[in-house]
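Summary of the model geometry
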Amino acid sequence: MNRLDSIDEILLERLGKGDEDAFGILFRRYYVQLCRYAALFVKEKDSAEEIVMNLFVSLWENKENFGRMKSPGSYLFRSVRNRCMNWLRDSKASLNIDECITDLISCDDSSIELQELNHFIEEAILSLPERCRMVFVSSRFGNMSHKEIAKKMNISTKTVEAQITKALSVIRKYIAENS
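All of the points below concern the structure found in this document. Fair warning: this is a prediction, and the values are worked out from it, not measured in the lab.

**Description of helix 8 (residues 146-153)**
All of the buried residues along helix 8 are I149, A150 and M153. Here the buried residues of helix 8 occupy an arc of 100 degrees about the axis, which is enough to place them on one side. Turned more than 90 degrees away from the buried face of helix 8 sit K147, K151 and K152, all of them exposed. Looking at the residues trailing helix 8, positive phi occurs at N154, about 60 degrees.

**A word on the packing of helix 7 (residues 130-140) against helix 8**
For the pair helix 7 and helix 8, the least separation of the axes is 10 Å and the interaxial angle reads 140 degrees. Classified by the angle their axes make, helix 7 and helix 8 are oblique. Between helix 7 and helix 8 the crossing geometry is right-handed. Taking contact as the criterion, the partners of R131, M134, V135, S138 and S139 in helix 7 are, on helix 8, H146, I149, K152 and M153.

**Description of the packing of helix 2 (residues 20-42) against helix 3 (residues 45-61)**
Contact pair helix 2 / helix 3: the axes reach a minimum separation of 8 Å and the direction vectors enclose 145 degrees. Relative to helix 3, the crossing made by helix 2 is right-handed. Packed against helix 2, whose contacting residues are E20, F23, L26, F27, Y30, Y31, L34, C35, A38, A39 and V42, the element helix 3 presents S47, A48, E49, I51, V52, M53, L55, F56, L59 and W60 at the interface.

**Here's the deal with the nonpolar core**
Ranked by internal contacts, the top residues of the largest apolar core, which has 27 residues, are Y30, L34, F41, V52, F56, V80 and C84. Those elements that place two or more of their residues in this core are helix 1 (3-16), helix 2, helix 3 and helix 4 (72-90). Look past the residues within four positions of C84 in its chain and what remains in contact with it is A38, F41, V42 and I51. One finds A124, F136, A150 and M153 within the second-largest nonpolar core, a separate group that totals 16 residues.

Rules of the game
Residues numbered from 1 in each chain as written. Predicted model: local features only at pLDDT ≥ 70, side-chain atom pairs only at ≥ 80, totals over all residues. Heavy atoms only, no water. Buried < 20%, exposed > 50% of the residue type's maximum accessible area, 1.4 Å probe, protein only. Helix = DSSP H or I, 4+ residues; strand = E, 2+ residues; numbered from the N terminus. Arc of directions from axis to C-beta. Axes fitted to C-alpha atoms, helices over the stretch in contact; angles between N-to-C directions. Parallel < 35°, antiparallel > 145°, perpendicular 65-115°, else oblique. Left-handed = near helix turned anticlockwise from the far one by under 90°. Contact = heavy atoms within 4.5 Å. Core = buried A, V, L, I, M, F, W, Y, C linked by side-chain atoms within 4.5 Å.

Structure (structure tokens):
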């Protein structure tokens, strides 16, 4: 356990006893990071801030339940992710997998939470059937055109398009079922 985790545990223990100062420290410590993380999903700054604010309201209202939590940072980021998925589902917004993947790859923040999300998306990609995965990875990470992929794999461009559509559908379903 690193020093920051133990500080967070102390803060949560104090929060469980109703310590407003501990709550304020946790809020200041995580609010901006959580808003950035939420914005990766919802793409709207105001909605991201609202999601994070509602999480902190819930944290305060249920403060007595958090006194013995072992990994508060992971809990907060996982809660934000779940709330974002609920927001996307409830607002009937479609999750653009391409944008999430691009945002994660281009993000230079090596935080545990972003690594966890990146790992989650990688699992979804690995769950694809082999040919579908090869087409998707060639398109999204190999920067190959549909025509180049078709030539390389000896398939039609229509098949490439169908495989990419299938991949995005499977990834969306995987994320919805596992978040």
